[in-house]
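Each chain, letter by letter, is given below.
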Amino acid sequence: MTAAEVQRRLWGTDARAWADLAEPHNRPLFEAVLDAAGVGEGTRVLDVGCGTGLTLVLAVERGAEPAGLDVTPELLAIARERLPGADLREGDMETLPWEDAAFDAVVGVNAFQFAGDPRRALAEAARVVRPGGRVVASLFAAPERSQSTVVHHAMQALIPPADAAEHAPYALSAPGNLEAALEDAGLLVTGDGEVGCSWRYTSMADAIHGLLCSAGGARAKEAAGEDAVRSTLAEALAPFERGDGIVTMDNTFRWVAASR
């Protein structure tokens, strides 16, 4: 099974819950990536791994012309509801279905590390951006920088070791890895930054639901069953639950910008 097929299977289990309970927590990251990409009035912007489209909604609010690609039809269906008439396509980020130099900016928010070959995916992003245009990629900072790492590791422990590599959210997170991958794609690194995102759920039930609908949650369910994952998540999340029932985890993401 290809990396794209794995991601399609994992991200399509509960797209609406992802849109409602998970994706909005990362809005500060989406805004920072759009800033770094110089997205504004009239910018032709492509979001690789656009999911349910929130980054592109924010781009449209800035006056941009949006396009997006995702491998998961369930996520794209919500993006199309949010962005009627936008150029949204289903496909693999390693083979983008657009012509050379079609965009002023290409962004990938927590996406490129899930490609079977991240460097090939970044080379495709470089191909479809115009000369002088920007490619901005973001991902989790080093695992110790985010409180949610405890939860990710707890779910990972439910996965058979043979399947551990099929979904690796920290694959490019080591210092310098993302910069090197962008440079290998023929791009010139021009800047980087960090963004804090607080994952704040109104209840333990919402926190568990929001994590179950992620790819990591879906994969853990496949391996161990939903009851086991719920129990594991409740235990891992307990230190982050306040007296009023709100569950909060503070996470650090980083972005790197490059130009063609």
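Residues numbered from 1 in each chain as written. Predicted model: local features only at pLDDT ≥ 70, side-chain atom pairs only at ≥ 80, totals over all residues. Heavy atoms only, no water.

## With respect to the nonpolar core
No. 1: Ranked by internal contacts, the top residues of the largest apolar core, which has 50 residues, are Leu 233 and Leu 237.
No. 2: Among the elements that make up this core, the one with the highest residue count is helix α3 (residues 27-36) (6 residues).
No. 3: Setting aside residues up to four positions removed in sequence, Leu 237 forms contacts with Val 151, Met 204, Ala 207, Ile 208, Leu 211, Val 247 and Met 249.
No. 4: In this structure, Val 48, Met 93, Phe 112 and Leu 187 belong to the second largest nonpolar core, which totals 29 residues. (Core = buried A, V, L, I, M, F, W, Y, C linked by side-chain atoms within 4.5 Å. Buried < 20%, exposed > 50% of the residue type's maximum accessible area, 1.4 Å probe, protein only. Helix = DSSP H or I, 4+ residues; strand = E, 2+ residues; numbered from the N terminus. Contact = heavy atoms within 4.5 Å.)

## Quick notes on the pairing of strand β2 (residues 65-70)
Look at any regular strand and the pattern is simple: side chains alternate between the two faces of the sheet.
No. 1: For β2, a buried count of 5 out of 6 residues is recorded, marking the element as mostly surrounded by other parts of the structure.
No. 2: Between strand β1 (residues 44-48) and its parallel partner β2, the chain crosses via helix α4 (residues 54-61), and the hand of that crossover is right-handed.
No. 3: Pairing geometry for β2 and strand β3 (residues 87-90), over 4 bridges, is parallel. Directly across from Asp 70, in β3, lies its bridge partner Glu 90.
No. 4: The parallel pair β2 and β3, bridged by helix α5 (residues 73-82), forms a crossover whose chirality is right-handed. (Right-handed = clockwise from strand over helix to strand, strands pointing away. Pairing = 2+ DSSP bridges.)

## Looking at the packing of aromatic side chains
No. 1: In the structure shown here, the tally under the stated rule is 4 aromatic pairs.
No. 2: Through successive ring pairs, a cluster of aromatic residues spans Phe 140, Trp 199 and Phe 253. (Phe/Tyr/Trp six-rings, centres within 6.5 Å; stacked < 30°, edge-to-face > 60°.)

## Comments concerning unusual backbone geometry
No. 1: Positive phi outside glycine occurs at Ala 101, with the angle close to 55°.
No. 2: By the secondary structure assignment, Ala 101 is in the loop between β3 and β4 (103-109).
No. 3: Positive phi is not limited to glycine here, since Asn 110 has a value of about 55°.
No. 4: Mapped onto the elements, Asn 110 comes out in the loop between β4 and α6 (118-128).

## Quick word on helix α10 (residues 215-224)
Since the α-helix packs 3.6 residues into each turn, any two residues three or four apart lie on the same face.
No. 1: Along α10, the residues that are buried comprise Ala 215, Gly 216, Gly 217, Ala 218, Arg 219 and Ala 220.
No. 2: Looking at the buried residues of α10, the elements they touch are α1 (3-11), α7 (149-156), α9 (204-212) and α11 (226-237).
No. 3: Once α10 finishes, Gly 225 follows within two positions and takes phi at roughly 95°, a positive value.

## Quick word on the packing of α7 against α11
No. 1: Contact geometry of α7 with α11 gives a least axis separation of 9 Å together with a crossing angle of 155°. Here α11 runs roughly antiparallel to α7, going by the angle between their axes. When you trace α7 past α11, the crossing you get is right-handed. On α11, the residues touching Val 150, Val 151, Ala 154 and Met 155 of α7 are Thr 232, Leu 233, Ala 236 and Leu 237. (Axes fitted to C-alpha atoms, helices over the stretch in contact; angles between N-to-C directions. Parallel < 35°, antiparallel > 145°, perpendicular 65-115°, else oblique. Left-handed = near helix turned anticlockwise from the far one by under 90°.)

## So, the sheet that holds β3
Each strand in a sheet pairs with its neighbour through backbone hydrogen bonds, running either in the same direction (parallel) or in the opposite one (antiparallel).
No. 1: Spatial strand order, β3-β2-β1-β4-β5-β7-β6: 7 strands in an open sheet with mixed pairing. Looking at which strands have only one partner, the edges of the open sheet turn out to be β3 and β6 (188-201). Direction aside, the axes of adjacent strands within the sheet are offset by 15° on average.
No. 2: With 3 bridges joining them, β1 and β4 adopt parallel strand pairing. Pairing of Leu 46 across the sheet is with Val 106, part of β4.

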